[in-house]
Amino acid sequence: MKDENCIFCKIAAGEVSSATLFEDEDFRVILDLNPASKGHALILPKEHYRNLYDLDEALAAKAMVLAKRMVCKLKDALGCDGYNIVQNNEEVAGQSVFHFHVHMIPRYKDDKVGLGWHMGTLTEEDKEELLNKIK
Ligand code: AMP
Ligand code: ZN
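Thresholds, definitions, all that
- Residues numbered from 1 in each chain as written.
- Chains lettered and ligands numbered in written order.
- Predicted model: local features only at pLDDT ≥ 70, side-chain atom pairs only at ≥ 80, totals over all residues.
- Heavy atoms only, no water.
- Helix = DSSP H or I, 4+ residues; strand = E, 2+ residues; numbered from the N terminus.
- Buried < 20%, exposed > 50% of the residue type's maximum accessible area, 1.4 Å probe, protein only.
- Contact = heavy atoms within 4.5 Å.
- Donors = N, O, S within 2.8 Å, 3.2 Å for Na, K, Ca; no water.
- Tetrahedral: all angles 85-135°; square planar, octahedral: opposite > 155°, others 65-115°.
- Pairing = 2+ DSSP bridges.
- Axes fitted to C-alpha atoms, helices over the stretch in contact; angles between N-to-C directions.
- Near = heavy atom within 4 Å.
- Polar contact = N/O pair within 3.5 Å; in protein donor to acceptor, adjacent residues only side chain to side chain.
- Areas by Shrake-Rupley, 256 points an atom, 1.4 Å probe, with all protein chains shown as cover.
- Nonpolar A, V, L, I, M, F, W, Y, C, P; charged D, E, K, R; others polar.
- Salt bridge = Lys/Arg side-chain N within 4 Å of Asp/Glu carboxyl O.

Q: Account for the overall build of the chain, naming residues and giving values.
A: Secondary structure assignment for the chain yields three helices and five strands. Along the chain, from the amino end to the carboxyl end, the secondary structure elements read α-β-β-β-α-β-β-α. Overall size of the chain, expressed as C-alpha extent along the three principal axes, is 50 × 40 × 25 Å. Here the chain, with 135 residues, has 33% of them falling under the buried criterion. Nonlocal contacts in the chain, meaning residues at least 24 apart in sequence, comprise 53% of its contacts between residues at least 6 apart.

Q: Hey, could you go over the coordination of the zinc ion (ligand 2) for me, with residue numbers and the actual values?
A: For the zinc ion (ligand 2), the full set of protein donor atoms is Cys 6 (SG), Cys 9 (SG), His 48 (ND1) and His 99 (ND1), and the range of their distances to it is 2.0 to 2.3 Å. Viewed at the metal, the four donor atoms of the zinc ion (ligand 2) are separated by angles of 104 to 117 degrees, and the geometry they form is tetrahedral. When the donors of the zinc ion (ligand 2) are listed by position in the chain, the intervening gaps give C-x2-C-x38-H-x50-H. Pair noted here: Cys 9 is in helix 1 (residues 7-13) and His 48 is in the loop between strand 3 (41-45) and helix 2 (57-78), with a separation of 39 residues, a long-range link. Taking the relative accessible area as the measure of exposure, Cys 9 reaches 4% and is therefore buried. On the accessibility criterion, His 48 (11% relative accessible area) is buried.

Q: Give me the sheet that holds strand 2 (residues 27-31): which residues, what numbers.
A: Pairing is antiparallel in the open sheet, where five strands are placed in the order 1-2-3-5-4. Lying at the two open borders of the sheet, with one neighbouring strand each, are strand 1 (20-23) and strand 4 (82-86). Taking the axes of each pair of neighbouring strands and ignoring which way they run, one obtains an average angle of 20 degrees across the sheet. With five bridges connecting them, strand 4 and strand 5 (residues 102-107) associate as antiparallel partners. From the neighbouring strand, Gly 82 faces strand 5, where its bridge partner is Arg 107.

Q: Outline the site of ligand 1, listing residues and values.
A: Taken together, 15 residues lie near ligand 1, and Asp 32, Asn 88, Gly 94, Ser 96 and His 103 sit nearest. The contact in question runs from an oxygen atom of ligand 1 to an N or O atom on the backbone of Val 97, over 2.9 Å. Burial of ligand 1 by the protein amounts to 82% of the accessible area it has alone, namely 510 Å². Elements supplying a minimum of two residues to the shell around ligand 1: helix 1 and strand 2. Split by residue class, the shell around ligand 1 holds seven nonpolar, seven polar and one charged.

Q: Could you give me a rundown of the pattern of salt bridges, with the residues and numbers involved?
A: Counted by the stated rule, this structure contains nine salt bridges. Residues Asp 111 and Arg 107 are paired through a salt bridge, measuring 2.9 Å at the closest nitrogen-oxygen approach. Arg 107 gets classed as partly exposed once you look at its relative accessible area, which sits at 21%. Between Asp 110 and Lys 109 there is a salt bridge, with the nearest N and O atoms lying 3.6 Å from each other. For the pair Asp 110 and Lys 109, a shared accessibility class is recorded, and that class is exposed. What you see here is one network of salt bridges that share partners, running through Glu 23, Arg 28 and Lys 46.

What follows is the structure, encoded as structure tokens:
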């Protein structure tokens, strides 16, 4: 399935040019146009899925295997010191392009990439509520 209004569908299909690092029958891996750090890349499935909620399960598994392979190669090419794998779902979580994608963000010592959050404390109430709901 493709969405004719979706820029990532067009990029994944090769209809819009991109800096492609890798391609197979399921995915295209491209450099992000607005990188958080040098080498920031995106894994795009060739089929359109809005985000992780909709993503085909077999493709979800393949995306993680591909991320693993790509970062193992890219870390040597870039000489980075670490990696963040980030995947945003819905606007409130930072998703701006509504075609599933995985960010691979190389990290360098003393870089100023801001991906942190304030660490709270798990309360008994929240823990019990969720454990009971999810059973
Ligand atoms: P997200 O905010 O998780 O939806 O991430 C969307 C990402 O896509 C951002 O990091 C953008 O910089 C990137 N992006 C948007 N349009 C393009 C494009 N045409 N080519 C490459 N990267 C893009
Ligand atoms: Zn799409």
